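Each chain, written out:
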Amino acid sequence: MTAPVTWTVLDLLRWTTGHFQKLGIATARLDAECLLAHALGTERLRLYLEFDKPVEEAERARFRELVRRRGADRVPVAHLTGRREFWSLPLRVTKDVLVPRPETETLVEAALALLAKDAPARLLDVGTGSGAIALALLSERPALRAVATDVSPAALAVARENAEALGLADRLELREGFLYGPVAGERFDLVASNPPYLADAEAAGLAPELASEPPGALFAGPEGTELLRPLAEGAGELLSPEGAILLEIAPAQAPAVLGWLHAAGLAETRVHDDLARRPRVVSGRRARSGGDA
Ligand SMILES: C[S@@+](CC[C@H](N)C(=O)[O-])C[C@H]1O[C@@H](n2cnc3c(N)ncnc32)[C@H](O)[C@@H]1O
């Protein structure tokens, strides 16, 4: 393409979309828009009102660098802009947290179906990362209080920042530690977790973008289920009578995780599909007869 003398917003979007498409980036146009909006300090949808506006050299230089890092280094857009929307909440993300995924909204939807609108309830979010799950649920349920844990202090700092920015920090307690360790002996009405569930050997075949995400947020060990299994097996002791657990999984893990929930004495076990109809979440409920009342 011959470079125009003056680059407008639309010129830059067209050129960059083509460039990203050639590199095999599936969301080429969306990525171009997000990065240009970030370079110009504006909102993505405002670009549509400014297609003919010339872009100055200093702004183009900022944009070029973002395009280079997206195209050549395959850094995810969210890590370049420092922001990702999840459940319509603007979340800050850094290299210390997983970029929240749309499939995790399946877990949020399933959780909301279990949480009455105004009834007080206690949530545990294990492996909270950016805080995505806990914050989405707190934003929807005003009487909900949550404990969110992570092994990564850096991730907890991001979750804290997000909770404060969203005005939800007074109902969220953040604790550092391994799986259920930080909440031993406590009871929750809902336990939710999107733990690392990839097997180590899967690293080779993954999209290059995943190299920018913390390995500790993605990989569980040789099997992939090293964290899902203790989360499922230990749920019975943490759930209040009729409390429920929701775990995000890779589709092939559904039968094994359902089996562990059954073995832990949970009832009403089921699988929830994502929008692409893949099994993404398993859930189970503690029967009232299962212990303390
Ligand atoms: C897949 S990310 C999910 C982040 C966030 N909940 C979300 O859905 O976007 C998994 C998170 O679990 C944390 N994690 C890994 N191992 C853990 C463990 N043994 N105990 C608690 N958290 C753990 C990671 O640091 C990471 O933040």
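Whatever comes next refers back to the structure up there.
Everything numeric in this text was worked out from a predicted model, so none of it was measured.

1. Description of the site of the ligand
Okay, step 1: Close to the ligand lie 19 residues, the nearest being Gly127, Asp150, Leu179, Asn194 and Ala217.
Okay, step 2: A distance of 3.3 Å separates a nitrogen atom of the ligand from a polar backbone atom of Thr128.
Okay, step 3: For the ligand, a nitrogen atom lies 3.4 Å from a polar atom in the backbone of Val151.
Okay, step 4: For the ligand, the protein covers 95% of the area, taking 590 Å² as the surface of the free molecule.

2. Observations concerning the nonpolar core
Okay, step 1: Within the largest apolar cluster, 33 residues are counted, with the highest numbers of intra-cluster contacts made by Leu123, Leu135, Leu137, Leu172 and Leu190.
Okay, step 2: Per-element accounting of this core gives the leading share, seven residues, to helix H6 (residues 132-140).
Okay, step 3: Ignoring any residue separated from it by four or fewer positions in sequence, one finds Leu172 in contact with Ala134, Leu135, Leu138, Ala146, Ala148 and Ala163.

3. Describing the environment of Asp118
Okay, step 1: Residue placement: Asp118 occurs in the loop between helix H5 (104-114) and strand E3 (121-126).
Okay, step 2: Accessibility expressed as a relative area gives 57% for Asp118, which makes it exposed.
Okay, step 3: In the structure, Asp118 is positioned 87 residues away from Asp31 in sequence and 38 Å away in space, judged by C-alpha atoms.
Okay, step 4: Excluding anything up to four places from it in sequence, Asp118 contacts Pro142 and Ala143.

4. A short note on the environment of Ala58
Okay, step 1: Mapped onto the secondary structure, Ala58 falls in helix H3 (residues 57-71).
Okay, step 2: The class of Ala58 is exposed, set by a relative accessible area of 52%.
Okay, step 3: Taking the C-alpha atoms as reference points, Ala58 and Ala39, 19 residues apart in sequence, are found 9.5 Å from one another.

5. Quick look at the pairing of E3
Okay, step 1: Burial within E3 is extensive, with five of its six residues counted as buried.
Okay, step 2: Two strands pair when backbone bridges link them, and E3 and strand E4 (residues 144-150) are joined in this way by six bridges, in the parallel orientation. Bridge pairing in E4 places Asp125 opposite Ala148.
Okay, step 3: As for the winding sense of the linkage, the β-α-β connection from E3 through H6 to E4 is right-handed.

6. A look at the side chain of Thr17
Okay, step 1: For Thr17, the location among the structural elements is in helix H1 (residues 9-22).
Okay, step 2: Of note is the side chain of Thr17, whose polar atom sits 2.6 Å from the backbone oxygen of Leu13.
Okay, step 3: If sequence neighbours within four positions are ignored, Thr17 has contacts with Ala28, Arg29 and Ala32.

Procedures and definitions
Residues numbered from 1 in each chain as written. Predicted model: local features only at pLDDT ≥ 70, side-chain atom pairs only at ≥ 80, totals over all residues. Heavy atoms only, no water. Near = heavy atom within 4 Å. Polar contact = N/O pair within 3.5 Å; in protein donor to acceptor, adjacent residues only side chain to side chain. Areas by Shrake-Rupley, 256 points an atom, 1.4 Å probe, with all protein chains shown as cover. Core = buried A, V, L, I, M, F, W, Y, C linked by side-chain atoms within 4.5 Å. Buried < 20%, exposed > 50% of the residue type's maximum accessible area, 1.4 Å probe, protein only. Helix = DSSP H or I, 4+ residues; strand = E, 2+ residues; numbered from the N terminus. Contact = heavy atoms within 4.5 Å. Pairing = 2+ DSSP bridges. Right-handed = clockwise from strand over helix to strand, strands pointing away.

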